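Now for the letters of each chain:
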Amino acid sequence: MENTKKWNCSTAKLQEILRGNEVLYSVIRGVSELGIAHSYIGAGCICQTVWNAQSSYDPMYGISDIDLVYFDETDISAQAEERVIRMIREKFPQLRVPIDVKNQARVHIWYQQRFGYEISAYRSCEESIATWPTTASAVGVRLNGSEFFVCAPFGLKDLFDRRICPNKKQITEEIYLRKCEEWRMRWPDLEIIPWE
């Protein structure tokens, strides 16, 4: 199978693969045109696009949403975040998957209610991405003009090697195992590293 070969895990290869997902790359391009402060498209939609390319699946296979994170500490109100959400909906009215928009400067406000424990306020999107549940999915990308930027605090090797390792900076074992099980059903040849 194609996904058993060694894949180049460079940012150039990542951009090439993402360009092959016309839906996702149109969002990456479109968000760059809106000038949203310190924003990234990231997490599952990025790693799943790579795995789909490696498995010769449809580029959008298994992608249930597109995560857009940004950082604006000047206004951490729900109303300000809602304005960005409305702007995104207006920019992409025909998109077939939802875009999940979150201001990372306000995550600490609602995190305990959703996940059951408190976290400290993030100081940047990059700090937030470094807490995402797995090393393979802790990846954010953005375009600035024609320049392609990648935030990958653990590098891209686990992503391209289809290796799922827990990032224990913030998540619980339960969250990690649930995510692994969900992904394994769609991409059964992922290498899942146990929580230890």
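Our structure's up above, just so we're on the same page.
Residues numbered from 1 in each chain as written. Predicted model: local features only at pLDDT ≥ 70, side-chain atom pairs only at ≥ 80, totals over all residues. Heavy atoms only, no water.

### Comments concerning the pairing of strand β2 (residues 66-70)
For a regular strand, the rule is simple: side chains alternate between the two faces of the sheet.
For step 1, the next point in the chain: The element β2 is extensively covered by neighbouring structure, given that 5 of its 5 residues are classed as buried.
For step 2, the next point in the chain: Burial along β2 is two-sided: Ile66, Leu68 and Tyr70 facing one way and Asp67 and Val69 facing the other are all buried.
For step 3, the next point in the chain: With 3 bridges joining them, strand β1 (residues 40-42) and β2 adopt antiparallel strand pairing. Bridging from a neighbouring strand, Ile41 pairs with Leu68 of β2.
For step 4, the next point in the chain: Alignment of β2 against strand β3 (residues 99-103), held across 5 bridges, turns out to be parallel. Its bridge partner being in β3, Asp67 is matched across the sheet by Asp100. (Buried < 20%, exposed > 50% of the residue type's maximum accessible area, 1.4 Å probe, protein only. Helix = DSSP H or I, 4+ residues; strand = E, 2+ residues; numbered from the N terminus. Pairing = 2+ DSSP bridges.)

### Looking at the nonpolar core
For step 1, the next point in the chain: By size, the foremost hydrophobic cluster in this structure holds 47 residues, and its most contacted members are Leu14, Ile41, Trp51 and Leu159.
For step 2, the next point in the chain: Tallying contributions element by element places helix α2 (residues 22-34) first for this core, with 6 residues.
For step 3, the next point in the chain: Those residues in contact with Ile41 that lie beyond four places of it in its chain are Leu24, Val27, Ile28, Val31, Ile46, Ile66, Asp67, Leu68, Val139, Gly140 and Val141.
For step 4, the next point in the chain: Ala43, Trp110, Cys125 and Trp132 belong to the second largest nonpolar core, which has 15 residues in total. (Core = buried A, V, L, I, M, F, W, Y, C linked by side-chain atoms within 4.5 Å. Contact = heavy atoms within 4.5 Å.)

### A word on the sheet that holds β2
Pairing between sheet strands relies on hydrogen bonds along the backbone, with the strands arranged either parallel or antiparallel.
For step 1, the next point in the chain: One open sheet holds the 5 strands; their spatial order is β3-β2-β1-β4-β5, and the pairing between them is mixed. Looking at the sheet topology across the chains shown, the edges are occupied by β3 and β5 (147-151). Averaged over all pairs of adjacent strands, the angle between their axes in this sheet comes to 30°, without regard to strand direction.
For step 2, the next point in the chain: Of the pairings in the sheet, the one linking β1 to strand β4 (residues 140-144) comprises 2 bridges and is antiparallel in character. From the neighbouring strand, Ile41 faces β4, where its bridge partner is Val141.
For step 3, the next point in the chain: Against the sheet, helix α4 (residues 78-91) makes contact with β2 and β3, and its axis sits at roughly 150° relative to β3, the strand it touches most. (Axes fitted to C-alpha atoms, helices over the stretch in contact; angles between N-to-C directions.)

### So, unusual backbone geometry
For step 1, the next point in the chain: Within the chain, Ala43 stands out as a residue other than glycine whose phi angle is a positive 70°.
For step 2, the next point in the chain: Mapped onto the secondary structure, Ala43 falls in the loop between β1 and α3 (44-55).
For step 3, the next point in the chain: You will see that Ser56, though not glycine, has its phi angle at about 60°, which is positive.
For step 4, the next point in the chain: Mapped onto the elements of the fold, Ser56 is located in the loop between α3 and β2.
For step 5, the next point in the chain: Relative accessible area serves as the criterion here: at 56%, Ser56 is assigned to the exposed category.

### Observations regarding the pattern of salt bridges
For step 1, the next point in the chain: Under the definition given, this model contains 13 salt bridges.
For step 2, the next point in the chain: Across the pair Glu16 and Lys13 runs a salt bridge, and its minimum N-O distance is 3.2 Å. Taken together, the positions of Glu16 and Lys13, both in helix α1 (residues 11-19) and 3 residues apart, correspond to about one turn of that helix.
For step 3, the next point in the chain: For Lys157, the salt bridge identified is with Asp161, shortest N-O distance 2.4 Å.
For step 4, the next point in the chain: For Asp161, a relative accessible area of 31% translates into the label partly exposed. (Salt bridge = Lys/Arg side-chain N within 4 Å of Asp/Glu carboxyl O.)

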